[in-house]
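# Notes for the structure review
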Amino acid sequence: MNKSIFVTATDTEVGKTFVSALIINKLVQNKLNPSYIKPIETGLGDDFIPIDYNFVKKINHSLSINEEESVPFRFKHPLSPLDSAVI
């Protein structure tokens, strides 16, 4: 049976990615095979490299999901997802 943990907060830079990395690390230590999905990431600049995914992957080398599946929607500007998508 698949179970999910949804990490959310109402502001940026409050630790959602860090907490997600810690949770995934604990699950890996317990011999589970977790995934990390951040459906939308903004503020990536011209190269669109998913910063949060790469942080979580660095902490958890055995993360099995690739970055295209983990972060399907990426936007250049550091705005809300809707605003970043329409620029």
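What you see is a predicted model; the values in this text were computed from it and never measured.

Another point: helix α2 (residues 51–59). Within the sequence span of α2, burial applies to Asp 52, Tyr 53 and Val 56. For α2, the buried positions fall inside an angular range of 100 degrees around the axis, keeping them on one side. Relative to its buried face, α2 has exposed residues pointing more than 90 degrees away, namely Ile 51 and Lys 58. Elements in contact with the buried residues of α2: α1 (16–29), β1 (40–41) and α3 (67–70).

Right, let's talk about the pattern of salt bridges for a bit. Per the stated rule, a full pass over the model turns up three salt bridges. Among the salt bridges present, the one from Lys 38 reaches Asp 52, with a minimum N-O distance of 2.3 Å. Placement of Lys 38 in the loop between α1 and β1 and of Asp 52 in helix α2 is noted, with a sequence separation of 14 residues between them. Between Glu 67 and Arg 74 there is a salt bridge, with the nearest N and O atoms lying 3.4 Å from each other.

Moving on, we come to the nonpolar core. Within the largest apolar cluster, eight residues are counted, these being Ala 21, Ile 24, Tyr 36, Tyr 53, Val 56, Leu 63, Ile 65 and Val 71. Residue assignment for this core shows that the elements contributing at least two residues are α1 and α2. Other than its neighbours up to four places away in sequence, Val 71 contacts Lys 38, Pro 39, Glu 41, Pro 50 and Tyr 53.

With 14 residues, α1 extends 20 Å between its outermost C-alpha atoms, agreeing within 8% with the 20 Å of an ideal straight helix rising 1.5 Å per residue. Among the residues making up α1, those that are buried are Thr 17, Ser 20, Ala 21 and Ile 24. The buried side chains of α1 occupy one side of the element, clustering within an arc of 100 degrees when seen end-on. Tucked into the core, α1 has its buried residues touching α2. Looking one or two places after α1, you find Lys 31, whose phi comes out positive at around 65 degrees.

Another aspect to go through is unusual backbone geometry. Here the phi dihedral of Glu 13 falls at roughly 60 degrees; this positive angle occurs in a residue that is not glycine. Here Glu 13 lies in the segment before α1. One non-glycine residue, Phe 48, adopts positive backbone phi at about 55 degrees. You can call Phe 48 partly exposed: its relative accessible area is 33%.

Examined against the element boundaries, Ser 20 turns out to sit in helix α1. A polar contact of 2.8 Å, which involves the side chain of Ser 20, links it to the backbone oxygen of Lys 16. When sequence neighbours within four positions are dropped, the list of residues in contact with Ser 20 reads Val 7 and Tyr 36.

Cut-offs and rules
- Residues numbered from 1 in each chain as written.
- Predicted model: local features only at pLDDT ≥ 70, side-chain atom pairs only at ≥ 80, totals over all residues.
- Heavy atoms only, no water.
- Buried < 20%, exposed > 50% of the residue type's maximum accessible area, 1.4 Å probe, protein only.
- Helix = DSSP H or I, 4+ residues; strand = E, 2+ residues; numbered from the N terminus.
- Arc of directions from axis to C-beta.
- Contact = heavy atoms within 4.5 Å.
- Salt bridge = Lys/Arg side-chain N within 4 Å of Asp/Glu carboxyl O.
- Core = buried A, V, L, I, M, F, W, Y, C linked by side-chain atoms within 4.5 Å.
- Expected span 1.5 Å × (residues − 1).
- Polar contact = N/O pair within 3.5 Å; in protein donor to acceptor, adjacent residues only side chain to side chain.

These results come straight from atomic positions and should not be treated as a statement about function.
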